[in-house]
Amino acid sequence: MTQPTIDFGVGGRAPKREVNWEQLLHTAIESSSHGLCVFDWRSRLVIGNEQHRSLYSLTSSEVSPGRPAEDVLISRHARVAGAKANGQLAAYLAAISRREAFRTTYELQDGSFVELDMHPMSDGGFVERHRDVTELRLAMVRAEEARQELIERQYAIDQAVIVAITDVRGTITYANDRFCEISGYTREELVGSNHRVLKSGVHSPQVFRQMYRCLARGGVWRGELCNRAKSGELYWVDTVITPQLGPDGKPVAYMAIRVDITARKKAEAQLSHAARHDALTGLLNRAALLDDLSERLSQTQARRQQLIIYLLDLDGFKHVNDTLGHAAGDALLKQLSGRLVSVVPETALIARLGGDEFAIVQSSSTDERKETEALAIQLLQAIAIPFSIESQEASVGVSIGISIAPLHGVTVPELLYKADLALYRVKSDGRSGFHVFEDEMRSRAQDRNRLVNELRASVARGEFELHYQPICEAESLRPRSAEALVRWRHPTRGLLYPDEFIGVAEDSGLMEALGRWTLERACADAASWPAELRVAVNLSPAQFRGGLLFDSIIGVLMKTGLPPHRLELEVTESMLLQDREENLLLFRRLKDLGITFALDDFGVGYASLGSVVSFPFDKLKIDRSFTSELPGKPASRAVVASIMTLARGLDVEVTAEGVETMEQLAYLRGQGIDSVQGYLLGRPAPFGPLERARAVVGCKPGL
């Protein structure tokens, strides 16, 4: 084959030089950035470049010239990954045999991707181009992943948020599925409508003016809006509105993205309501009342109005709880709250302060007290009506203390304090009534506070003494015991009787200490009396609280040496109404030691006959209020006869208190009374150690 020549001469004949076409082709193939392979008409490899070997990590022997195409393909496919490799090989061999062009992409085991292009040649051979498309393929994968992620995010957005687009006039141009779902409108109903179709009327015009000003300046507006659905139901959305600006920088459309926060708003409303309202009655609670009262006080001062504060405390509510149970007590409070709402003007505040305490705050434009007293009377009448609870009737009363602003003060604490003083005055006067604050009430409160302080100091110093009143057999008048009665030797006021300080001691928490001193002193005194005499000691209901009474009594008996059978404990009916099961167990434990029990002032308390029968009393004491009217008053005679019948049925003794005349004694003897006590037989008196036994025994002989 004659080699062509190249003429390099200019303007003349140049020397000729032979061209090495094979070397030139080899150089061209090797310099290609792609892998190249040439096969002859017999499908044998003519040449393959280094890039081809590198792409597939082939050895020189695997791609040596003259190797059959099938061998080369098998070597290459040994590096191909995935289940498609064998199929790709079979398809390629078929294309070669048919002398057809072929294209495929291989995923190699090292994670790279190679694109193969095969083109047949006219002489029967074919050429392969192998291109590394790893970056391109990964970019496509990333693009597909991004596309899928975008689709998923779009779906999530459509599910989670409400999207709408409006033009500058507020006409809706786009609404997503979530928007249609929450609003109740179809997309056809929304698109083309003005966004005001959702207006709820909840927000003031100022809210929307502020929004429009912000958007008109190209700003992003965010806030919480209440919208109205097609059904009329309101729903809340956290809204972000973004303006889409035109070339001139002015808004051409608005995109609103909203998140449904209706559930959160409802929860917040419930929490807010719970924070301000009593869980049982639904009325305002103490904290809310104080906040609202302070605000109303400022308003009334500015308007020159009066503000009337009523403090209500139920009378006898504890009895309902103790006899019918706490569930019945709760039911009564709910019914009572309904009565208050029905009686009190709608503009007034009504609050439950806790337990059985309530408050009412009413504004008034008149200075007359008639309006104040009229509402108080209405409250008394409404609450006096018996409550029906589980087919049972329960009755309570109410004590009402009233203060008026600005007459009695201009601050919340001052007004509540004075209403409380008026309430205390009602309770002191016998309960179930009302009082408007008066200045003398403050003096009384100050006197009482002073008395509490003096009582506390006197308990610490032991400024008390016991007087004893004999209790004698009705027929023989022989003394059987003596009741210990505590007296307070006040430093400046002289000798004070129990009705002047026992209530204060109970309210101030001093009764337990005073009661223990009384018990210990009485037992110590009685230890020096004749062995047949007992000492009777009164126990306050306050001493039963705390669970320490049993140990306290045992400690006193051990310290004084008084035998348990010579101690008689007197309790009132009110004790039977508190912690019934615990107190019944305490009674039985003390009775097992030999201590006896008397029910004092029987007939004037609240206890039911069932309570009296359940407790193991040894004696019933007829209250002096019945004895004093004997034998003339038929009602008193009937009470005494009933008590005697009950006592005989229970096999317990009966003592009559307050016996002051021979006529009373004779009548009681005729009724079969067991023992008597009163001024006729001896007044309470202090006794010295040597006189004590003699004086107790000498129960006025000759009667």
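Not measured: the values here are computed from a predicted model.

Draft legend 1. Just the sheet that holds strand S4 (residues 113-120), in detail. One open sheet accounts for 5 strands, arranged S2-S1-S5-S4-S3; its pairing is antiparallel. The sheet terminates laterally at strand S2 (45-48) and strand S3 (102-107), the two strands that pair on one side only. Within this sheet the neighbouring strands show an average axis-to-axis angle of 15°, counted without direction. Here 5 bridges tie strand S1 (residues 35-39) to strand S5 (residues 126-132), and the two strands are oriented antiparallel to one another. When the sheet's bridge partners are listed, cysteine 37 is paired in S5 with glutamate 128. Helix H3 (residues 69-77) contacts S1, S2, S3, S4 and S5 of the sheet and is inclined by roughly 10° relative to S5.

Draft legend 2. Highlighting the nonpolar core. Counting 72 residues, the largest nonpolar core has Val535, Ile553, Leu567, Leu569, Ile673 and Val676 as the members making the most contacts within it. The greatest single-element share of this core, amounting to 6 residues, is contributed by helix H17 (residues 511-526). Ignoring sequence-local partners within four residues, the contact set of isoleucine 673 consists of Ala474, Ile622, Met644, Val654, Ala656 and Leu668.

Draft legend 3. Layout of the domain arrangement of the protein chain. Segmentation of the protein chain into domains returns domain 1 (29-133), domain 2 (161-266), domain 3 (277-437) and domain 4 (454-697). Averaged C-alpha coordinates put domain 1 and domain 4 at centres separated by 120 Å.

Draft legend 4. Structural view of the environment of serine 294. Mapped onto the elements, serine 294 comes out in helix H10 (residues 286-303). Look at serine 294 and you get partly exposed, because its relative accessible area is 37%. Between the alpha carbons of serine 294 and alanine 405 there is a distance of 12 Å; along the sequence they are 111 residues apart.

Draft legend 5. Local environment of the packing of aromatic side chains. Under the counting rule described, the total for this entry stands at 12 aromatic pairs. Note that arginine 258 overlies the ring of phenylalanine 179, its terminal NZ or CZ placed 5.7 Å from the centroid. Its guanidinium or amino end placed over the ring of phenylalanine 550, arginine 589 lies 3.8 Å from that ring's centre, counting from NZ or CZ.

Draft legend 6. Representation of unusual backbone geometry in the model. Here the residue pair alanine 405 and proline 406 is connected by a cis peptide bond, since its omega of 5° sits within 30 degrees of zero. Within the secondary structure, proline 406 is located in the loop between strand S16 (397-405) and helix H14 (412-428). Look at the link from leucine 630 to proline 631: it is a cis peptide, with omega at -5°. With respect to the helices, strands and loops of the structure, proline 631 is situated in the loop between helix H21 (624-627) and helix H22 (634-650). In this model, aspartate 651 sits at a positive phi of 60°, which is unusual for a non-glycine residue. Looking at the secondary structure, you find aspartate 651 in the loop between H22 and strand S25 (653-656). Relative accessible area serves as the criterion here: at 70%, aspartate 651 is assigned to the exposed category.

Conventions adopted
Residues numbered from 1 in each chain as written. Predicted model: local features only at pLDDT ≥ 70, side-chain atom pairs only at ≥ 80, totals over all residues. Heavy atoms only, no water. Pairing = 2+ DSSP bridges. Helix = DSSP H or I, 4+ residues; strand = E, 2+ residues; numbered from the N terminus. Axes fitted to C-alpha atoms, helices over the stretch in contact; angles between N-to-C directions. Contact = heavy atoms within 4.5 Å. Core = buried A, V, L, I, M, F, W, Y, C linked by side-chain atoms within 4.5 Å. Buried < 20%, exposed > 50% of the residue type's maximum accessible area, 1.4 Å probe, protein only. Domains from an automatic or database assignment. Phe/Tyr/Trp six-rings, centres within 6.5 Å; stacked < 30°, edge-to-face > 60°. Lys NZ or Arg CZ within 6 Å of the ring centre and 35° of its normal.

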